[in-house]
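Descriptive structure summary
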Amino acid sequence: MTTATVELIQPGALKVAGSLEAANAVVIELQGRDLMSGDNSVAAWQIDLSGITACSSVGLSVLLCWLRFAKKNSYQLKFINMSADLFDLARVSGLDSVLPLGIE
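Here the structure is a predicted model, which means the values were calculated and not measured.

Each helix and strand in the chain was counted, giving three helices and five strands. Ordered by position in the sequence, the α and β elements of the chain form the string β-β-α-β-α-β-α-β. Relative to its length of 104 residues, the chain is compact, with a C-alpha radius of gyration of 12 Å against a globular reference of 13 Å. In terms of principal-axis extent, the alpha carbons of the chain reach across some 35 × 30 × 25 Å. Long-range pairs, those at least 24 residues apart, make up 64% of the contacts in the chain with a sequence separation of at least 6. Counting every atom, the chain has about 5600 Å² of accessible surface; 53% of that belongs to carbon and sulfur.

Okay, here's the thing in structure tokens:
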């Protein structure tokens, strides 16, 4: 299994790195939720995807889970630095208009 990580880089900002695949998606999704729920003073979260080296539709599922969690908890959420490959996967899946994408 390859490694993926999600870490708090500053209040309101997470960074995902590594290969996001079926074998580690559940752990990464839970870690992201734990990090977001760990600071109730933050109302807007930015998730940097620039460190993702490989990702399949499972990775998109993780992003959708985080989006659902954010909405349930009244957080604003924005995904930034999505690779062209991941964006193409989101576009083909019809999720490019659903995911809150930011350009940075």
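Okay, back to it.
For strand 1 (residues 4-10) and strand 2 (residues 13-20), the ladder comprises six bridges, and the chain directions are antiparallel. Bridge pairing links Glu-7 to Lys-15 in strand 2. What sits between the antiparallel neighbours strand 1 and strand 2 is a turn of two residues, in which Gly-12 has the positive phi angle 85°.

With that settled, the discussion passes to the pairing of strand 2. Within strand 2, six of the eight residues are buried, which leaves the element mostly enclosed by the surrounding structure. Bridge analysis of strand 2 against strand 3 (residues 44-55) gives seven bridges, and the strand direction is parallel. Looking at the pairing, Ala-17 lines up with Gly-51 of strand 3. Regarding the hand of the β-α-β motif, the stretch spanning strand 2, helix 1 (residues 22-37) and strand 3 is right-handed.

For Gln-31, the position within the fold is in helix 1. Between the C-alpha atoms of Gln-31 and Ala-13, which are 18 residues apart in sequence, the distance is 13 Å.

Moving on to the confidence of the model for the chain. Counting all residues, the mean pLDDT for the chain is 89, and 96% of those residues have values of 70 or more. Per-element confidence in the chain is highest for strand 2, whose mean pLDDT is 96, and lowest for strand 5 (residues 101-102), whose mean pLDDT is 74.

Turning our eyes to something else, we now look at the nonpolar core. Judged by nonpolar contacts, the single largest core of 28 residues is most densely connected at Met-36, Ile-47, Leu-49, Trp-66, Leu-77 and Leu-99. For this core, the secondary structure elements donating two or more residues are strand 1, strand 2, helix 1, strand 3, helix 2 (57-72), strand 4 (76-80) and helix 3 (84-92). The element contributing the most residues to this core is helix 2, with seven residues. Setting aside anything within four residues of it in sequence, one finds Leu-99 in contact with Leu-60, Leu-63, Leu-64, Leu-67, Phe-79, Met-82 and Ala-90.

The next thing to look at is unusual backbone geometry. Unlike most non-glycine residues, Ser-74 shows phi in positive territory, near 60°. As for its position among the elements, Ser-74 is in the loop between helix 2 and strand 4. Using a relative accessible area of 62% as the deciding quantity, one classes Ser-74 as exposed. The residue Asn-81 is not glycine, and still its phi comes out positive at about 60°. Its location among the elements puts Asn-81 in the loop between strand 4 and helix 3.

Parameters at a glance
Residues numbered from 1 in each chain as written. Predicted model: local features only at pLDDT ≥ 70, side-chain atom pairs only at ≥ 80, totals over all residues. Heavy atoms only, no water. Helix = DSSP H or I, 4+ residues; strand = E, 2+ residues; numbered from the N terminus. Rg over C-alpha atoms; globule rule 2.2 N^0.38 Å. Contact = heavy atoms within 4.5 Å. Areas by Shrake-Rupley, 256 points an atom, 1.4 Å probe, with all protein chains shown as cover. Pairing = 2+ DSSP bridges. Buried < 20%, exposed > 50% of the residue type's maximum accessible area, 1.4 Å probe, protein only. Right-handed = clockwise from strand over helix to strand, strands pointing away. pLDDT = per-residue confidence, 0-100. Core = buried A, V, L, I, M, F, W, Y, C linked by side-chain atoms within 4.5 Å.

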